[in-house]
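# Coordinate analysis (summary)
Chain residues, written in single-letter form:
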Amino acid sequence: MLLRLFDSLCKQTFKDFEWVVVDDGSTDETKSLSLALSEGKGSFFPIRYFYQENGGKHCAINRGVKEAKGELFFIVDSDDKLPPNALQLVAEQYEGIKGNNKFAGVCGLDGTFDGNVIGSGLPTDLLDESSIAIRFKFGITGDMKEVFRTEVLREFSFPEIEGERFCPEMLVWNRIATKYILRYFNHIIYSVEYQNDGITSNIIKARMHSPTATMMAYAEMLKYDVPYMVKMKSAINYWRFRFCSKTTDKPKSDWRYLWTMPIGYLMHVKDLWTCNLQ
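Overall, the coordinates contain 13 salt bridges when judged by the stated rule. For E18, the salt bridge is made with R48, and the minimal N-O distance between the two is 3.1 Å. You can see E18 sitting in the loop between α1 (2-10) and β1 (19-24) and its partner R48 sitting in strand β2 (residues 47-52), a full 30 residues away along the chain. Linking E151 and R149 is a salt bridge whose minimum nitrogen-to-oxygen distance equals 2.9 Å. Under the relative-accessibility criterion, E151 is labelled exposed at 52%. Look at R149 and you get buried, because its relative accessible area is 7%. Through salt bridges that share partners, K57, D77 and E169 make up one connected network.

Shown next as structure tokens:
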């Protein structure tokens, strides 16, 4: 999979970038392959490899942001790839906002390997909005690909909680949205191949095993200007995963949503059975 990503980077029409590979405790060939690629002559861009003990994707992002030398930071999973014009599109859109500190960066669309947009796409070619407004004011659905200014991700790093290996990206993206907007543009810049089996079960398990970060994400949703139904669902999910927590220092939720606790408990019990953790 890493070779497929490497091949897509070699085909980029925009040439001025580096590839920072953060190996989050992998047990496969990632290290030897990354080192071989970085020492080889097959690429026009520098490749820098860093290893760390397994802490989860969010910890790998934090490490990558720390080590990055570029002005923009594009998060790419090892099993996905970029269309040939992806970085060119990012660079062109960024030129239109460069130096404007109200922007955290730019954001394009996710697509399938055969070029279909995942989700609704944008209603116009360009939108300058926060990620919260994009989801809850404009109702745009589907995964999108944010490319943040590196300094913004250093300002809003992912919380690293001992014993937890998952942190919802929405926790940090929402925090960024309280201070910055993004320039959204209606082009695919990221190609993803979803696996058909186990997606829902796996994400539920990840949240159950990392309840503190998950609770933080849902509790903070109650503070934002989002529809009431969104807040209600967030409150239910807060309790749903709070019942997984064994720590005494739990993130606090809005007391006005205490009535959602029984619903959250029922969902928690369902999760135990669904994920075979009972």
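Next comes the rest of the write-up.
Evaluated as defined, the whole model comprises 14 aromatic pairs. Between F44 and F45 the ring centres are 5.1 Å apart and the planes differ by 85°, which places this aromatic pair in the edge-to-face class. A relative accessible area of 36% means that F44 is categorised as partly exposed. Judged by centre distance (5.1 Å) and plane angle (75°), the rings of F243 and Y265 are edge-to-face. In this pair, F243 sits in the loop between α10 (228-242) and α11 (261-274) while Y265 sits in helix α11, placing the two residues 22 residues apart along the sequence. The class for F243 is partly exposed, based on a relative accessible area of 33%. Pairwise contacts between aromatic rings join F6, F17, W19, F44 and F45 into one cluster. Here the guanidinium or amino end of K15 rests over the ring plane of F44, the centre of that ring lying 4.5 Å away.

For the rest of this paragraph, the subject is the sheet that holds strand β5 (residues 126-129). Spatial ordering of the open sheet is given by β3-β6-β4-β7-β5, a layout of five strands whose pairing is mixed. Single-partner strands in this sheet number two, and they are β3 (72-74) and β5. Going from strand to strand, the sheet's axes swing by 35° on average, the running direction of each strand aside. Here β3 runs beside strand β6 (residues 144-149); their pairing, made up of three bridges, is antiparallel. Its bridge partner lying in β6, L72 is registered against R149. Most of the contacts of helix α4 (residues 86-95) go to strand β7 (residues 181-191), to which it runs at about 165°, and overall it touches β3, β4 (103-111), β5, β6 and β7.

The next thing to look at is the environment of S130. As for its position among the elements, S130 is in the loop between β5 and α5 (131-136). In this view, S130 contacts A177, Y180, I181 and Y184; residues no more than four positions away in its chain are not counted. At 3.1 Å, the side chain of S130 forms a polar contact with the backbone nitrogen of A133.

Following both chains from N to C, one finds α10 and α11 inclined at 50°, their axes separated by 7 Å at the closest point. Put simply, α10 runs oblique to α11. Crossing handedness for the pair α10 and α11: right-handed. Across the interface between the two elements, I236, W239, R240 and F241 of α10 pack against M261, I263, G264, M267, H268 and D271 of α11. Residue classes in the contact of α10 with α11 are distributed as six nonpolar, two polar and two charged.

To continue, consider the pairing of β7. Consecutive side chains of a regular strand alternate in pointing toward one face of the sheet and then the other. Burial analysis of β7 places nine of its eleven residues in the buried class, the great majority of the element. Across four bridges, the pairing between β5 and β7 is antiparallel. Looking at β7, one finds that L126 is bridged to F185.

With that out of the way, let us pick up helix α3 (residues 57-67). Of all eleven residues making up α3, eight are buried, and the element is well covered by its neighbours. Of the positions making up α3, those classed as buried are H58, C59, A60, I61, N62, G64, V65 and E67. As for α3, its buried residues are in contact with β1, β2, β3, α6 (150-155) and α7 (169-177).

Moving on to the nonpolar core. Core analysis: the biggest nonpolar cluster contains 30 residues, and M144, W173, I176 and Y184 have the highest contact counts within it. Looking at this core, the elements that each hand over two or more residues are α3, β4, β6, α6, α7, β7 and α9 (211-221). If one sorts the elements of this core by residue count, α7 sits on top with four residues. Excluding its chain neighbours within four sequence positions, the residues that come into contact with W173 are I75, S131, E146, F148, L153 and F158. By size, the runner-up hydrophobic cluster in this structure holds 29 residues, among which are L37, L87, F103 and I189.

Cut-off values and rules
Residues numbered from 1 in each chain as written. Predicted model: local features only at pLDDT ≥ 70, side-chain atom pairs only at ≥ 80, totals over all residues. Heavy atoms only, no water. Salt bridge = Lys/Arg side-chain N within 4 Å of Asp/Glu carboxyl O. Helix = DSSP H or I, 4+ residues; strand = E, 2+ residues; numbered from the N terminus. Buried < 20%, exposed > 50% of the residue type's maximum accessible area, 1.4 Å probe, protein only. Phe/Tyr/Trp six-rings, centres within 6.5 Å; stacked < 30°, edge-to-face > 60°. Lys NZ or Arg CZ within 6 Å of the ring centre and 35° of its normal. Pairing = 2+ DSSP bridges. Axes fitted to C-alpha atoms, helices over the stretch in contact; angles between N-to-C directions. Contact = heavy atoms within 4.5 Å. Polar contact = N/O pair within 3.5 Å; in protein donor to acceptor, adjacent residues only side chain to side chain. Parallel < 35°, antiparallel > 145°, perpendicular 65-115°, else oblique. Left-handed = near helix turned anticlockwise from the far one by under 90°. Nonpolar A, V, L, I, M, F, W, Y, C, P; charged D, E, K, R; others polar. Core = buried A, V, L, I, M, F, W, Y, C linked by side-chain atoms within 4.5 Å.

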